[in-house]
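Chain by chain, the residues:
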Protein chains: 2
Amino acid sequence: MSEPTFAFDLDTAVRPVSGTAGPGLWVGQLTDRWDIVDKPNGGYVLATAVRAMSGAVANHPDPFTVTAHYLRPSEAGPVDIDVEVVRTGRKLSTITASFSQGGKARIQVLGTFGDLNERIEAGGATHLRSGAPIDVEPPTTAIHRGATTPLGEEMRIALQTDLRMHPDTGWIVGKPSGTAEVRGWIRFADGREPDVSALPFFADALPPALFELDSLGWVPTIELTVHVRAKPAPGWLRCVMSTRFLADGYFEEDGEIWDSRGVLVAQSRQLGMVFRP
Amino acid sequence: MSEPTFAFDLDTAVRPVSGTAGPGLWVGQLTDRWDIVDKPNGGYVLATAVRAMSGAVANHPDPFTVTAHYLRPSEAGPVDIDVEVVRTGRKLSTITASFSQGGKARIQVLGTFGDLNERIEAGGATHLRSGAPIDVEPPTTAIHRGATTPLGEEMRIALQTDLRMHPDTGWIVGKPSGTAEVRGWIRFADGREPDVSALPFFADALPPALFELDSLGWVPTIELTVHVRAKPAPGWLRCVMSTRFLADGYFEEDGEIWDSRGVLVAQSRQLGMVFRP
C-alpha cells in the first residue's frame, strides 16, 4: 500500500501499537490543519477515532452509527485511542473508543459497525420522503467560506475544505434569516473524493445553523451522532443543517449529507449549547 | 425514603453492589411487565440502565443525552450494570454503562448527565420553531392501544401504559397513510406521573412510524439516542414519531415528546432495520 498523499488521510492516520489491527491501543497525531480558531474541528477528531474503530473488526469496517461525547477540546499532537469490542456478531459489531491526549480524556465514542456493501447487496425496503436539498453543483453565486470566522478569527479548516454556502445564506452577509437552517456544498480542497471515513468529518464541517438566528458565537458540541446510510459517490456533497429547538441554551442540530447521485449518505444529530462566557 | 409503589419504579429499581451510590457495579431485575411480544421493550431496558447511571455522580442526576446500542434482546431476570465515569466536570459528567445478563452484553450506553434545575436557572436563549403536535388531552375518538400487536401477539407493555393513538392513525384500521408518522398521548396506567427517568422509556414506547408504510413486522433498534430537554409536568405526554428515510432496509426514527404545559421535554432518534427472517 502506498503512503497516503491527501491531507485528510495523512492527518487521520492511526496505527495499532501491537502492530496488528484489532481491539487495543491505537495511536495517531492530530494536526492543526483542521482547526476552528485554535482547536481541531470536532468532526476531524471523531473521524480519527472512527478510523481506529474501523480497524477493530476485520469484516466490519463501516460505521453504521457512531456517537461521540466531547469531554474537553482536543489539540494538535499525539493521541491515544483505546478501542474495545463490546460485541461482534455476524452482521454488526459494537465498539467503543476512549480518545485521550496526555492522559486526559477528550472524546468518548460508541459505535456499531458493519459492511455497507453487504447492506446494499441485501437490498431491502426503500422509501425516501424527500430529495436532496440543493442542486448537484454549486452555482457561481454560492458563497465561499473564507478563512476567518464572522468574528475575524482564523479558520485553518477552510484551507483543507472547499465549502460553498447557498446564496441564500443570510448571516454571511449580515442578514440572518431567522430560520436556523444552512445549506452548502463541500469537498476536500486537495481533490480527495469523499468516502465513508470522511462522513463523520463532513457531518460537523458546516457553520452552525444557529448563526441564522443572529447568535454568532461559540456553540460547543456535547454529543454528535452520525448515521452512515450509504457510500458516497465522487463529487460534491450536499449538506443541510437545521435546528428546530433551542431552549434554556441547549439545542439540537440535525444534518443530512447527500452525494452527487442524489443518495442520502449520512444523517447527523448533535446536542449543543450556546456558550456564554 | 418509602418503598416505591408504582410499577415503573419497582421494575427499574437498581442498587449499587457496594452499598454506596457511585461508579461500579449495580444490579437490578427486569420484569416481563414491559414486554413487546416476548422481550422487554428497549426503552424500559434503557431506563433501567439510566437509573444506575443517574446514581454515579451525585450532583448530575439528569441524562442530558444518552445513546444505547442494542446488542442482544434482554429478558426478564437479574441484570448487571457496570457504570463508569469517563469524566466529571462542574456542569456535566460523561458516563458509560455496560448492561449484561448472565454474562452476556445486552446494551451498551453512553451518556452525558447534568442537573436540569441548574439549566433552567441559567436560562439562556430560547427559540422553538414549532409547537406541540397535538392537543393537550386525547379526544374521545383517540384509539386505545390494545394488548395485542397487529399480528395478534401479546403486548404486556399495554397493561402498564395508557397509550391513545391519534384518530388519524391509519394502520390501526388497516389503512396505512403512506407517510411514516404516528402521533399519540401516553402516560403510566397506574397513575405515576412522568419524570425525567421515564423519558428514555417513553421515547421508545409508541408503535413504529413505519407501520404507516404498510410494513408491519419486526423493526429492531440498533441504536437509540434520547436528548432530555426539560423536566416534564404531570399529565399526558404528547408524542410524534416519524421516519423520513428508509433505504436498503435501514431507517431513522425521530421522536418528540411534549408535556402538558406545551414544553418539548425530549427528542429521540434511533437507527433501526427492517428485519426479514
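Cut-offs used in this document
Residues numbered from 1 in each chain as written. Chains lettered and ligands numbered in written order. Predicted model: local features only at pLDDT ≥ 70, side-chain atom pairs only at ≥ 80, totals over all residues. Heavy atoms only, no water. Salt bridge = Lys/Arg side-chain N within 4 Å of Asp/Glu carboxyl O. Buried < 20%, exposed > 50% of the residue type's maximum accessible area, 1.4 Å probe, protein only. Helix = DSSP H or I, 4+ residues; strand = E, 2+ residues; numbered from the N terminus. Pairing = 2+ DSSP bridges. Contact = heavy atoms within 4.5 Å. Buried area = accessible area lost by both parts, 1.4 Å probe. Polar contact = N/O pair within 3.5 Å; in protein donor to acceptor, adjacent residues only side chain to side chain. Nonpolar A, V, L, I, M, F, W, Y, C, P; charged D, E, K, R; others polar. Patch = residues over 30% accessible without salt bridge, like charges linked within 9 Å, V, L, I, M, F, W, Y side chains within 5 Å. Areas by Shrake-Rupley, 256 points an atom, 1.4 Å probe, with all protein chains shown as cover. Lys, Arg positive; Asp, Glu negative; His and termini not counted. Charge placed at Lys NZ, Arg CZ, Asp CG, Glu CD. Least-squares fit on C-alpha atoms with pLDDT ≥ 70 in both. 1 Å grid on protein atoms, 1.4 Å probe; cavity = no way out; pocket = protein on both sides within 12 Å on 5 of 7 lines; lining within 4 Å. Points joined across faces, edges and corners; volume = space filled by probe spheres on them. Phe/Tyr/Trp six-rings, centres within 6.5 Å; stacked < 30°, edge-to-face > 60°.

Caption draft 1: Structural view of the pattern of salt bridges. Inspection of every chain in the model, using the stated rule, returns 28 salt bridges over all chains. Its salt-bridge partner being D162(B), residue R164(B) comes within 2.8 Å of it at the nearest N-O pair. Its relative accessible area of 16% is what places D162(B) among the buried residues. Among the charged side chains, a salt-bridge network with shared partners connects D9(A), R51(A), R192(A) and D195(A).

Caption draft 2: Structural view of the pairing of strand β5 (residues 62–70) of chain A. Residues and elements named next belong to chain A. Where burial is concerned, most of β5 is hidden: 9 out of the 9 residues are buried. Pairing analysis gives 8 bridges linking β5 to strand β8 (residues 104–114), with the strands arranged antiparallel. Paired with A68 across the two strands is V109, which belongs to β8. Examined bridge by bridge, β5 and strand β13 (residues 221–228) share 5 bridges and lie antiparallel to one another. Following the sheet pairing, H69 is matched in β13 by E223.

Caption draft 3: Broad picture of the interface of chain B and chain A. Listed as interface residues are 61 residues of chain B and, on the opposing side, 61 residues of chain A. Both faces combined, the contact of chain B with chain A buries some 5,400 Å², and carbon together with sulfur accounts for 55% of it. The three residues of chain B that bury the most area against chain A are R129(B), F245(B) and R269(B), which together make up 14% of that side's buried surface. We note a salt bridge from R244(B) to E256(A), for which the minimum N-O separation is 2.8 Å. Where chain B touches chain A, the interface holds 24 residue pairs in polar contact (both at pLDDT 80 or more). Looking at the side of chain B that touches chain A, the element that brings in the most residues is strand β17 (residues 264–273) of chain B, giving 7 residues. Classifying every residue of the side of chain B that touches chain A by side-chain character gives 23 nonpolar, 23 polar and 15 charged. Relative to strand β9 (residues 127–128) of chain B, strand β15 (residues 245–247) of chain A runs antiparallel, the two being bridged by 2 bridges. Within β9(B), the position partnered with L246(A) by the bridge is H127(B).

Caption draft 4: Molecular detail of a negative patch on the surface. Where like charges cluster on the molecular surface, the negative patch consists of D80(A), D82(A), E84(A), D80(B), D82(B) and E84(B). The set of elements that each furnish at least two residues to the negative patch consists of β6 (77–88) of chain A together with β6 (77–88) of chain B. Within the element layout of this structure, D82(B) appears in strand β6. With a relative accessible area of 35%, D82(B) lands in the partly exposed category.

Caption draft 5: Broad picture of the environment of V57(B). In this structure, V57(B) sits in the loop between α2 (42–54) and β5 (62–70). V57(B) sits 125 residues away from V182(B) along the chain, and the two C-alpha atoms are 36 Å apart.

Caption draft 6: Representation of the relation of the copies chain B and chain A. With an RMSD of 0.0 Å, chain B superimposes on chain A once it is rotated by 180 degrees and translated 0.0 Å along the axis. The transformation just described matches what one would write down for a two-fold rotation axis. A shared binding surface is used by both copies, with 100% of the interface residues of chain B retained as interface residues in chain A.

Caption draft 7: View of empty space enclosed by the protein. Applying the stated criterion to the full structure yields 1 cavity of 30 Å³ or more. Space inside the largest cavity adds up to approximately 30 Å³. Lining of the largest cavity is provided by T96(A), Q108(A), V109(A), L110(A), T96(B), Q108(B), V109(B) and L110(B). Residues of the lining of the largest cavity, tallied by class, amount to 4 nonpolar, 4 polar and no charged.

Caption draft 8: Region of interest: the environment of E118(A). All names here are of chain A. With respect to the element layout, E118 can be found in helix α3 (residues 116–122). Classification of E118 by relative accessible area gives partly exposed; the value is 33%. Between the alpha carbons of E118 and K91 there is a distance of 8.6 Å; along the sequence they are 27 residues apart.

Caption draft 9: Up close: the packing of aromatic side chains. Using the criterion set out here, one finds 24 aromatic pairs over all chains in the structure. Ring geometry for F8(A) versus F201(A): centroids 5.7 Å apart, planes at 45 degrees, classification tilted. Here the residue F8(A) occupies a position in helix α1 (residues 7–11), and F201(A) occupies one in helix α5 (residues 199–202), the gap between them amounting to 193 residues. Ring centres of W34(B) and F201(B) lie 5.2 Å apart, and the angle between their planes is 80 degrees; this geometry places the pair in the edge-to-face category. With W34(B) in the loop between β2 (24–30) and β3 (35–36) and F201(B) in helix α5 (residues 199–202), this residue pair connects regions lying 167 residues apart in the sequence. Three or more aromatic residues joined by ring pairs make a cluster, and in this case those are F8(A), W34(A), Y44(A), F188(A), F201(A) and F202(A).

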